[in-house]
Amino acid sequence: VISQTELVCEQVYDLNRKDIDDIIRGLLGMRNLRIVQKVDIHMALDLYEKHKIKFSNALVASNAILAGDHVCIISYDKDFEKVGLKRVEPKSIVR
C-alpha cells in the first residue's frame, strides 16, 4: 500500500522525491494509522477470480478484510468497492 501511495504521488500529483518522502513519513506518523501486514494468498486468489480485480488489489483487499470492519482503503481504484470494502479517493483527504 505504501508503494501505491508513492506511485500516486509521483504519477498523479507529479511530486518530487522529497515531497513524497515527507508525505509518506507524515502518514506513518499519524496516530490513528495502523500498518497491517497480514495477507491471505488464498483469499486474495478467490477475490481475484470471483470479482475480476487486479491481483495486487486482491492482496490489499485480503489484508483489509483480515484487519476488520474499521478499515477504509484510500485509493482511486474502484476494485475495492467490488469486494465490499469502504474506499475514499486520496484527493478527498489530501490538501
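Residues numbered from 1 in each chain as written. Predicted model: local features only at pLDDT ≥ 70, side-chain atom pairs only at ≥ 80, totals over all residues. Heavy atoms only, no water.

Here we look at the nonpolar core
Here is step 1 of the chain: One finds Ala44, Leu47, Ile53, Ala58, Val60, Ala61, Ala64, Ile73, Phe80, Val83 and Leu85 forming the largest nonpolar core, which totals 11 residues.
Here is step 2 of the chain: Elements with a contribution of two residues or more to this core: α3 (41-51) and α4 (55-67).
Here is step 3 of the chain: If sequence neighbours within four positions are ignored, Leu85 has contacts with Ala61, Ala64, Ile65, Ile73 and Phe80. (Core = buried A, V, L, I, M, F, W, Y, C linked by side-chain atoms within 4.5 Å. Buried < 20%, exposed > 50% of the residue type's maximum accessible area, 1.4 Å probe, protein only. Helix = DSSP H or I, 4+ residues; strand = E, 2+ residues; numbered from the N terminus. Contact = heavy atoms within 4.5 Å.)

Some words on unusual backbone geometry
Here is step 1 of the chain: The phi angle at Asp14 is positive, at roughly 55 degrees, despite the residue not being glycine.
Here is step 2 of the chain: Checked against the element boundaries, Asp14 lands in the loop between α1 (2-11) and α2 (17-28).
Here is step 3 of the chain: Asp14 sits in the exposed class, given a relative accessible area of 67%.
Here is step 4 of the chain: Here the phi dihedral of Lys52 falls at roughly 55 degrees; this positive angle occurs in a residue that is not glycine.
Here is step 5 of the chain: As for its position among the elements, Lys52 is in the loop between α3 and α4.
Here is step 6 of the chain: We classify Lys52 as exposed; its relative accessible area is 58%.

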